[in-house]
Structure formats: C-alpha cells, structure tokens
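# Close look at the chain arrangement
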Amino acid sequence: MIKTYTLEIENHSHLSSDFQNFCEQHPLSDCSSVLIQVFTCLTQIEEIAALIQTITSYLPKAKILGTSTGAWIAGQRYHDQHTLLQICSFEFSTLKTLLIPKIELDIPDLAQTINQHLFDEHTQLMLLFASPRIPNAGLLLDRLCQLMPDITLAGGFSSQSTTQHSSLQFTEQGITEQGLAFVSISSPKLYLLNRYAFGWKGVGKQLTLTSVEYNRVFTIDHQPAQDIYMKYLGAEVGACLATTMSDFPLFQVQNGVTLSRSPRIFHEDGSITFDGKLLENSKVQFAFADLPNISKESRYLLSQLPLEQAEATFIYSCAGRLDYLKESIQSELEIFSDYPCAAGFFSYGEFFHHNQSTHILGHTLTCLLMSESTPLTTHEAVDKWKPKTNLQQSGLYHLLRTTSEELDQLNSSLQVEIKRQTQTIYDQLYYHKLTKLPNRHRLLQDLRYNHDFFPRHLAILDILSFSAVNDFYGIDTGDQVLIHVAERLQHLIPEPNNDYRIYHLTGGQYAVAANNNIIEAAFTDLITLIQDNFKHADVQIGQNRFSIQYCTGISSRPSKWHENATSLLTRADKALKQARKDHTNIVFYHKDLPILQEIERNQIMTQTVKRAIQHDQLWVQFQPIYSAKDNSICHFECLIRLFDENKKVISPNDFIHVAKKANLYPDITQKVLTEAVRMIQKTSYTFSVNICAFDFVDPNTVSLIDQILQDRFVSERLIFEVVETESMGDYELVRSFQKRITQAGACLAVDDFGSGYSNYAHLAHLGAQQLKIDGSLIKVCHYDPLMLNIVQSIVTFAKHIGVKTVAEFVCCAELVKICQQLQIDYLQGFYLSPPVTENELLQLLSQQAQQF
C-alpha cells in the first residue's frame with residue numbers, strides 16, 4: 001500500500017535537522033520507491049538546489065518532483081510562504097523522473113523521447129509540472145495522449161508568488177525555469193481516480209466557433225471574434241479588453257470535460273488567441289464567476305471522492321480560482337480537513353485526463369486519488385442547493401396604488417390638484433422612480449432629525465458587479481432585478497417596520513436604517529440575515545437567474561445623540577469603501593479604518609502640492625531620448641519633480657493622481673510647459689511635455705498653449721504627449737487639439753501605448769506623429785515572447801501609418817539590441833540615461849557635440 005506524509009519547512013535554515021528528524025521518525029530509507037513532491041514559495045534557484053541536496057543526502061533513492069508556487073495546499077490549509085513536502089512510499093510501484101530544461105525538439109520528437117525515458121508496459125500515471133512560458137504545451141499533451149492514451153496524466157503549470165520571479169520546475173536531476181519536470185509511476189496494481197470542480201456559469205445564448213485554428217479563434221457566429229466580445233460585453237468593456245480579458249472567459253465541453261478558455265492576445269484582424277485548444281463548429285458561452293455557486297458546486301462534486309479509501313491524494317488547483325474565491329477558498333478546502341496529507345499547489349492551469357485525452361483546465365480544482373490496495377469508487381453526491389421561490393409584492397406597492405386612486409378621486413377641485421402636484425414633486429424628489437423606495441434625499445432629510453424617523457444605525461448595501469447585469473442583459477432586465485431586490489428587502493424587514501426604513505440610494509445601492517428602539521447587535525443580525533437570504537436564493541427574471549451579493553458598510557451613533565446625524569451617512573460610506581477595497585461582506589466604521597488613513601494621506605499630499613505650487617517647489621528634470629540608429633540624443637522629455645518640507649523628492653506616482661483630483665494639475669502642466677519653452681530657446685533641441693484631458697478644458701492652460709504656438713521657432717521643437725487611454729476616451733477633443741498644434745508646427749505623441757485601450761483604428765486617424773510604446777511591454781521583451789510579439793505588432797502598424805515609435809523603460813543592452821532589430825526609431829530609459837538636471841543636460845549635449 002501507499003503511505004503518505006507531509007512535512008512543512010517553515011525555516012529553511014533548519015532544513016537539514018528537520019528533514020533528518022522526519023526520516024528518523026518514519027521508515028523511509030529502506031523503501032525503494034519514494035516520491036517527494038515539493039511545493040515551494042522560494043524564488044531563488046540556490047535555495048531550491050540546497051533543498052534538493054538535503055533530501056537526496058538523507059534519501060538518495062527518492063524521486064523528487066517539484067514546482068514553485070504562489071501558494072501550496074495541505075489538507076484544509078493553504079499558505080503563500082515556505083515549502084511543503086508531500087512524501088509517498090509505494091509498495092508495488094516503480095518511479096522514474098525526467099527533467100527537460102528547455103524544449104528544443106519538435107513536438108513529435110519530444111513526445112517520443114518522453115515515451116522512451118518514462119514509460120513501460122505497467123505505467124499507469126504521469127505527473128507533469130511545466131513552465132507557463134511553453135507556448136505549445138497543449139500540442140505536447142495531445143501528442144503524448146496519442147502515444148499513450150490509457151495513461152493518466154496530471155499536474156499543472158508552475159506558478160510563482162511574484163511577477164518579478166520566474167516559475168521553477170525541478171527533479172532530483174536539476175532545476176529549470178522554462179522546461180518540464182516529469183515522474184512516471186508504473187505498477188501492475190495501482191488504482192486511480194481523478195475528478196475536477198469548475199462551477200463557473202454560462203451567461204447568454206450559446207455561440208458557435210465558426211473559424212478556429214487550434215487556440216486562435218477568427219470568427220464566432222461568422223463574425224470577427226472581437227466584435228462578439230464588443231457586442232455582448234458592451235463598448236466600455238470592449239474598448240479595454242486587453243486589460244480585462246481574463247475576467248471574461250469562454251467555456252465549452254470537450255470530450256465530456258468543461259473547459260474555461262481565457263483570451264490572451266487580440267490580433268489586428270479581429271481574431272483572438274485563447275489559452276487553450278478550442279474546437280471549430282463547437283458551442284461556447286461566456287463564463288460568469290458566480291462565487292457562492294462555485295463553492296457549492298465544488299463541495300457537491302468533491303463530496304463524491306472516497307477520501308477515506310485513498311492512500312494518496314494530490315490536489316492541483318488554479319491560481320485564478322484562488323483570486324476569485326479569496327477567503328472562500330478555505331470553505332472549499334474544508335472537505336480535506338480530516339485528510340491533512342492531501343496536498344498540492346495553486347497552478348497557472350491544471351492537467352486533467354479523461355476519455356483517453358488530457359486537457360488543460362482553468363479556474364478548476366482537480367484531485368487525483370491513488371491506492372495500491374483498494375479500488376476507488378465514488379460516493380453518491382450530496383443534494384444540490386435549490387433556490388427559494390420568488391417573493392410576492394410587498395405592501396408598499398399596495399399603499400402607493402391606493403394613495404394614487406384616492407388622489408384621482410379629488411381631481412375635481414383645484415385644491416386637490418395642487419396637493420396632487422405637490423405630492424408628485426415630493427415623490428420625484430424623495431422617492432426612487434423605479435422602486436418607489438425613499439431615496440438619498442429622503443435619507444439626508446431623516447438624518448437631519450426627522451421627528452417621524454431618526455436613524456441611529458445605518459447600513460449601505462452595494463450589489464457587487466451590478467453594472468455587469470446591465471451590460472449582459474440590458475437596462476430593462478437590470479431594472480427588474482432592482483425591483484425584485486427592493487421587494488425582498490421590504491419583505492425581510494421585521495413587522496411592524498416602524499423602527500426600520502429602507503432606501504434606494506442609486507443604481508444597485510440600498511440603505512437600511514434603524515432608530516433608537518433597535519440595539520446595535522439586533523441591527524447587525526438583520527443585515528447578516530439580508531446578506532444570507534440573497535446568498536442562498538437567487539433573483540429570477542424570466543429565464544435568467546441572478547446571484548445577489550453585497551458589500552456593506554455600517555455606522556452607528558450613541559443612543560443619546562439627537563442632533564444632526566448626517567455624519568452617519570459619511571461614515572457608512574467610508575466603511576463601504578473599505579469593504580470594497582478589502583473584498584469583504586461587511587465592514588463597521590471605526591476611527592482606525594485604513595481607508596481613513598488613505599484619505600488623510602491624500603489630504604496631506606494635496607496640501608503638499610498646493611504648498612509646492614505656491615512656493616515654487618516644483619522643478620523639472622529632462623530625460624534624453626536617443627536615436628536607435630546612432631545612439632545620438634534626439635530630444636528630451638520634461639518630467640515634473642516635487643520637494644516636500646524636508647527637501648525630499650516625491651515621486652510623480654505619489655502626487656499626480658492627487659493633483660488631478662484636487663484640480664491642481666493645470667498648474668503643474670503650466671510649470672512644465674514654461675520650462676520646456678525656456679529649454680527650447682536655450683538649446684534649440686526638441687522637448688516633449690505630458691498633457692491630459694484636464695489640460696484640454698482648462699482655460700489657463702489652453703491660453704498658455706495658444707500663446708506658445710504663436711512662436712514658430714518654439715512650436716516646431718515642441719512635442720505634446722497624450723496618454724493612450726485619454727486619447728481614446730476623448731478622441732474628438734484630442735483630434736481637434738492635434739489639428740491646432742500641427743498647423744503651428746508642433747508634434748503630437750501618444751504615450752503609454754499598449755497599456756490601455758490600444759485602439760489601432762483611432763490611432764490611425766488621430767494624426768499623431770510619435771507613438772511611445774508602454775514600458776510595461778518593453779521591459780519584458782527580452783524574456784517574454786508574447787510581449788515581444790505584441791510590441792512587434794505595434795511597431796509594424798506604426799510604420800504602416802507613418803508614425804515614429806519610442807521605446808520606454810529600456811533597461812539593459814539586450815533590450816537596446818531588440819529594439820534596434822524591431823526597427824523602433826527612438827529609445828528612452830535608465831540604461832541610456834536617467835532624468836537629468838539642466839546643467840547635466842548641457843554637459844550631455846557638449847559631450848555629444850564632441851563625439852559627432
């Protein structure tokens with residue numbers, strides 16, 4: 001039989017002694033077949049090498065299969081630090097490991113090599129940990145299944161705790177950053193059972209993939225794939241698909257397995273490359289992450305697992321699932337609470353074998369159970385949760401209808417007509433038009449001490465992602481959801497409800513208030529009851545079902561406080577903001593809320609910026625931009641800097657966003673423009689200045705720009721850089737600005753291209769003469785082929801429309817070479833030169849004059 005143990009290494013400085021003690025307590029040294037799976041949050045190769053050496057020194061016969069991970073799993077626990085070892089000793093099985101540091105062979109040859117090294121007539125299982133950088137892993141899995149269709153394959157793509165470090169895979173043979181690590185298990189007596197939990201729901205009608213090449217989808221329902229995304233997700237989401245693509249996967253069933261496929265690359269021809277294989281002429285739907293249902297579905301499916309029969313249980317779950325479920329992942333793992341030796345890790349994609357095929361899954365929890373002594377049979381699953389029926393209309397609607405009928409009967413007199421009109425105006429002012437609940441104005445009136453109802457407790461309940469309902473189903477359906485929510489809220493308020501009042505503030509945001517008769521604990525229990533009721537019973541509109549979840553902020557005041565209580569609303573709103581930020585259900589207002597500290601920091605920074613403007617503590621540095629052809633300085637970018645009271649430099653990232661919100665940004669722009677003009681006149685070089693939508697509408701900034709453009713000598717050496725997201729969001733405004741400055745000889749550049757909308761169509765008609773490729777793309781081109789391809793497409797398009805390109809964040813010699821090979825026109829970055837002062841700028845120009 002298989003014996004399974006786990007060992008958590010909390011302090012790697014004690015690794016040798018901890019592992020020695022473990023080996024002395026467990027009879028493993030005489031075992032001929034020992035598999036040690038290593039799940040580690042370590043990021044340094046040297047640390048992992050020391051870990052491997054320690055294991056092999058005490059158990060030289062053991063086979064090691066390891067991976068880096070953002071978090072490991074042990075029973076019900078998961079952790080994002082240290083290392084976990086899962087150790088399995090086999091009685092009847094033999095093990096073989098294989099490390100492929102880098103894929104250098106064709107897929108068929110590589111699959112044949114793996115087959116020759118790992119498999120024999122008794123092989124039943126292969127575990128694989130793979131680098132997520134491998135672009136053709138799906139093709140390799142397909143080929144392996146063709147060679148060995150009856151061998152179960154499990155595992156997943158390695159992950160890492162931070163994006164600054166590479167994912168790692170290793171065996172006792174070595175470590176790789178971009179390769180494959182295998183172990184095969186061969187036995188004439190080995191029983192296996194694998195299952196997975198998904199839980200995402202399909203939204204909308206089924207769509208047909210009408211043109212597909214493996215994982216690149218050209219048309220859906222005979223329309224360009226990107227057009228379908230725009231159609232069903234709405235223009236706002238569609239315009240920034242590059243930044244939201246993982247939130248809107250497609251899913252379909254392939255060979256009995258439900259697969260999630262997230263978009264990865266949006267091509268100029270309207271096609272989309274997804275993260276796994278999709279089948280042409282198959283049906284797909286958009287997948288919706290219904291978090292409570294995901295957890296229930298996983299518990300339903302996993303309840304079938306015969307964990308008490310299994311001698312070894314491996315868990316490979318998705319890092320994306322952890323991102324979505326967050327704290328709820330603990331509830332999902334509860335099924336393993338009695339099985340602490342069940343272990344695994346959170347991956348970037350899980351491998352699942354079914355019907356002689358191996359699939360790359362996403363957003364799933366996969367489990368592999370093993371036994372050498374007992375066949376594994378599934379249990380009968382527990383009953384699925386069933387939603388409650390819809391609630392009937394509340395008494396408020398009956399009251400409003402009755403009042404309306406009575407008013408109609410009094411229409412014969414002018415006095416009654418005046419009363420009726422007054423009531424109508426009052427309702428419009430103090431009641432929500434759709435739900436007829438009291439609105440925000442009425443709440444403020446009550447908080448200013450209404451003798452009829454004076455709140456002591458206030459909770460703001462905000463429906464999570466309500467805008468998605470309007471985007472997916474339309475405003476009419478969204479309105480029906482709001483009406484049903486209002487009805488149910490009224491139904492849940494205790495009768496008689498004179499102590500409570502419900503408000504519809506705006507959109508999907510409601511408020512519940514209680515007066516002095518209600519103690520704080522009772523009010524909290526009511527809000528919890530409301531959240532639980534919606535959590536366990538969907539709202540149904542026609543054929544569609546909607547899961548309603550809330551973020552809630554709660555504030556209470558002392559019972560003897562009878563003066564103006566409008567601060568209740570302010571405090572509840574701040575608690576709500578904290579709940580949103582923390583992704584939690586309920587937050588109670590208290591003086592130590594982190595959001596209050598953030599607000600205070602913003603207020604302090606606002607005062608710092610104001611003081612800097614008043615006392616001329618803003619200053620400008622200049623970063624050279626070089627020609628990619630001969631490394632000569634072509635022009636400079638003007639960059640604003642700020643001193644605090646202690647003469648310490650404050651980064652623009654810390655004060656620019658505050659300046660915009662405080663309407664101080666125009667002063668900063670005018671400072672930079674003035675310095676740019678002065679340096680143009682002093683050096684006869686070209687200088688670029690960053691501007692944004694705030695500048696286009698500020699009369700003082702517009703007036704200064706018009707004044708500058710009157711001097712042809714200056715305007716022909718001036719470049720205005722507009723951030724890409726703003727150039728696309730205010731297209732007509734930017735286009736008008738471009739025409740005006742071009743007539744004066746100035747140049748327009750699009751900054752940070754690739755970070756936001758990346759709308760090629762708008763760019764082609766914008767009239768920009770330069771395009772600055774976002775540094776987040778450039779700085780990874782030397783090790784990320786996907787980013788390199790994206791940059792290549794941007795450069796190709798820019799050349800096609802006659803726009804010069806600038807690469808930002810050039811941080812090493814290798815990137816300089818890559819940019820030159822891509823035929824990027826200009827280079828900017830700390831490797832070439834950091835931002836410099838005026839004196840340093842003049843020295844650079846003097847040195848260049850001597851060289852050229």
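Higher on the page you've got the structure.
Keep in mind that this is a model prediction, so the values were computed, not measured.

## So, the overall build of the chain
A tally of helices and strands in the chain yields 30 helices and 42 strands. The C-alpha atoms of the chain give a radius of gyration of 32 Å, which matches the 29 Å a tight globule of 852 residues would have. Reported as C-alpha extents along the three principal axes, the dimensions of the chain are approximately 95 × 90 × 60 Å. Within the chain, residue pairs in contact and separated by at least 24 positions form 75% of the contacts whose partners lie at least 6 positions apart. For the chain, the exposed surface amounts to about 38700 Å²; the carbon and sulfur share of it is 49%.

## Details of the pattern of salt bridges
The tally for this structure, following the rule as stated, stands at 20 salt bridges. The shortest N-O distance in the salt bridge between arginine 216 and aspartate 269 comes to 3.1 Å. Here arginine 216, found in strand β15 (residues 216-220), pairs with aspartate 269, found in the loop between β19 (263-266) and β20 (272-274); they are 53 residues apart in sequence, far enough to count as distant. Residue classification places arginine 216 among the partly exposed positions, given a relative accessible area of 25%. Salt-bridge contacts for lysine 682 lead to glutamate 838; the nearest nitrogen and oxygen are separated by 2.4 Å. In this pair, lysine 682 is assigned in helix α20 (residues 665-683) and glutamate 838 in helix α30 (residues 838-851), connecting sequence segments 156 residues apart. When its relative accessible area of 19% is taken as the criterion, glutamate 838 is described as buried.

## Regarding the side chain of glutamine 738
Tracing the backbone through its elements, the reader meets glutamine 738 in helix α25 (residues 731-743). Within the structure, the side chain of glutamine 738 is placed 3.2 Å from the backbone oxygen of glycine 767, a separation counted as a polar contact. Excluding anything up to four places from it in sequence, glutamine 738 contacts Leu748, Leu766 and Gly767.

## Here we look at the sheet that holds strand β6 (residues 83-89)
In space, the 6 strands of this open sheet follow the order β1-β6-β2-β3-β10-β11, with mixed pairing throughout. On the outer flanks of this sheet lie β1 (3-9) and β11 (174-176), each paired with one strand and no other. Strand after strand, the sheet turns through a mean of 15° between neighbouring axes, direction not considered. Taken together, the 3 bridges between strand β3 (residues 63-68) and strand β10 (residues 169-171) define a ladder with antiparallel strand orientation. Within the sheet, the bridge partner assigned to threonine 67 lies in β10 and is glutamine 169. Docked against the sheet, helix α1 (residues 15-25) engages β1, β2 (34-40) and β6, running at close to 160° with respect to β1. Running at roughly 150° to β11, helix α2 (residues 45-58) makes contact with β2, β3, β6, β10 and β11 of the sheet.

## Comments concerning the pairing of strand β41 (residues 804-807)
Pairing analysis gives 4 bridges linking strand β40 (residues 770-773) to β41, with the strands arranged parallel. Looking at β41, one finds that lysine 772 is bridged to valine 806. Here β41 runs beside strand β42 (residues 826-827); their pairing, made up of 2 bridges, is parallel. Along β42, the bridge assignment pairs alanine 807 with leucine 827. Remark: the β41/helix α29 (residues 813-821)/β42 crossover connection has right-handed handedness.

## Structural notes on the environment of tyrosine 783
For tyrosine 783, the position within the fold is in the loop between α27 (775-778) and α28 (785-800). Sequence spacing of tyrosine 783 and glycine 508 is 275 residues, and the spatial spacing of their C-alpha atoms is 44 Å.

## Topic: the packing of α1 against α2
Here α1 crosses α2 at 30°, and the two axes come no closer than 10 Å. In this view, α1 runs roughly parallel relative to α2, as classed from their interaxial angle. Crossing handedness for the pair α1 and α2: right-handed. Where α1 abuts α2, its residues Leu15, Ser16, Phe19, Gln20 and Cys23 lie against Ala50, Leu51, Thr54, Ile55 and Tyr58.

## Some points on the sheet that holds strand β9 (residues 152-157)
Reading across the sheet, the 6 strands line up as β7-β12-β8-β9-β24-β25 and stay open at both edges, with mixed pairing between neighbours. Of all strands in the sheet, those with a lone pairing partner are β7 (94-100) and β25 (357-361), marking the two edges. Taken pair by pair, the neighbouring strands of this sheet meet at an average axis angle of 15°, ignoring direction. Two elements, β7 and strand β12 (residues 180-186), share 7 bridges in a ladder whose sense is antiparallel.

## Digging into the nonpolar core
If you look at the biggest cluster of nonpolar residues, it comprises 79 residues, and the most contacted ones within it are Phe655, Phe687, Phe720, Leu748, Ile773, Val791 and Ile824. No other element matches the 8 residues that α20 contributes to this core. Not counting chain neighbours up to four residues away, the residues in contact with valine 791 comprise Ile773, Leu777, Ile778, Cys781, Leu822 and Ile824.

## A look at the packing of aromatic side chains
Within this structure, the stated rule accounts for 23 aromatic pairs. When the ring of phenylalanine 19 is compared with that of phenylalanine 22, the centres are 6.3 Å apart and the planes differ by 25°; the resulting orientation is stacked. Of this pair, phenylalanine 19 and phenylalanine 22 both sit in helix α1, 3 residues apart, which is roughly one turn of the helix. Just as phenylalanine 19 is buried, phenylalanine 22 falls in that class too. A centroid spacing of 6.0 Å and a plane angle of 80° characterise the contact between tyrosine 78 and phenylalanine 346, whose relative ring orientation is edge-to-face. Residue tyrosine 78 is found in strand β5 (residues 77-79), and its partner phenylalanine 346 is found in strand β23 (residues 343-347); the two are separated by 268 residues along the sequence. For tyrosine 78, a relative accessible area of 28% translates into the label partly exposed. Looking at phenylalanine 346, the relative accessible area reads 2%, which means it is buried. Within the aromatic cluster, the residues linked to one another by ring pairs are Phe39, Phe129, Phe314, Tyr316 and Phe345. The positively charged end of arginine 488 is found above the aromatic ring belonging to phenylalanine 534, 4.6 Å away from the centroid.

## Concerning the environment of aspartate 479
By secondary structure assignment, the location of aspartate 479 is in helix α15 (residues 475-492). Remark: the alpha-carbon pair of aspartate 479 and threonine 435, spanning 44 residues in sequence, is separated by 8.7 Å.

## Side note on the packing of helix α22 (residues 699-709) against α25
One way to put it is that α22 packs onto α25 with a least axis distance of 10 Å and a crossing angle of 25°. Judged on the interaxial angle alone, α25 and α22 are roughly parallel. Judged by the twist between their axes, the crossing of α22 over α25 is right-handed. In this structure, α22 uses Val702, Ile705, Asp706 and Leu709 to contact α25, whose residues at the interface are Phe737, Arg740 and Ile741. Tallied by class, residues from the contact of α22 with α25 come to 5 nonpolar, no polar and 2 charged.

## Looking at α22
Buried within α22 are the following residues: Thr701, Leu704, Ile705, Ile708 and Leu709. One side of α22 holds all its buried residues, which, seen down the axis, span an arc of 135°. For α22, the exposed residues set more than 90 degrees away from the buried face come down to Pro699, Asn700 and Gln707. Residues of α22 that are buried sit in contact with α20, α21 (693-697), α23 (712-715), β38 (718-723) and α25.

## Comments concerning the pairing of strand β22 (residues 312-318)
For β22, a buried count of 7 out of 7 residues is recorded, marking the element as mostly surrounded by other parts of the structure. Of the two faces of β22, the one lined by Ala312, Phe314, Tyr316 and Cys318 and the one lined by Thr313, Ile315 and Ser317 are each fully buried. As paired elements, β22 and strand β26 (residues 365-371) share 6 bridges and run antiparallel to each other. If you follow phenylalanine 314 over to β26, its bridge partner there is leucine 368.

## Some remarks on the side chain of threonine 669
Considering the arrangement of structural elements, one finds threonine 669 in helix α20. Residue class for threonine 669 comes out buried when judged on its relative accessible area of 2%. Those residues in contact with threonine 669 that sit more than four places away from it in its chain are Asn690, Ile691, Asp695 and Thr701.

The rules behind each value
- Residues numbered from 1 in each chain as written.
- Predicted model: local features only at pLDDT ≥ 70, side-chain atom pairs only at ≥ 80, totals over all residues.
- Heavy atoms only, no water.
- Helix = DSSP H or I, 4+ residues; strand = E, 2+ residues; numbered from the N terminus.
- Rg over C-alpha atoms; globule rule 2.2 N^0.38 Å.
- Contact = heavy atoms within 4.5 Å.
- Areas by Shrake-Rupley, 256 points an atom, 1.4 Å probe, with all protein chains shown as cover.
- Salt bridge = Lys/Arg side-chain N within 4 Å of Asp/Glu carboxyl O.
- Buried < 20%, exposed > 50% of the residue type's maximum accessible area, 1.4 Å probe, protein only.
- Polar contact = N/O pair within 3.5 Å; in protein donor to acceptor, adjacent residues only side chain to side chain.
- Pairing = 2+ DSSP bridges.
- Axes fitted to C-alpha atoms, helices over the stretch in contact; angles between N-to-C directions.
- Right-handed = clockwise from strand over helix to strand, strands pointing away.
- Parallel < 35°, antiparallel > 145°, perpendicular 65-115°, else oblique.
- Left-handed = near helix turned anticlockwise from the far one by under 90°.
- Core = buried A, V, L, I, M, F, W, Y, C linked by side-chain atoms within 4.5 Å.
- Phe/Tyr/Trp six-rings, centres within 6.5 Å; stacked < 30°, edge-to-face > 60°.
- Lys NZ or Arg CZ within 6 Å of the ring centre and 35° of its normal.
- Nonpolar A, V, L, I, M, F, W, Y, C, P; charged D, E, K, R; others polar.
- Arc of directions from axis to C-beta.

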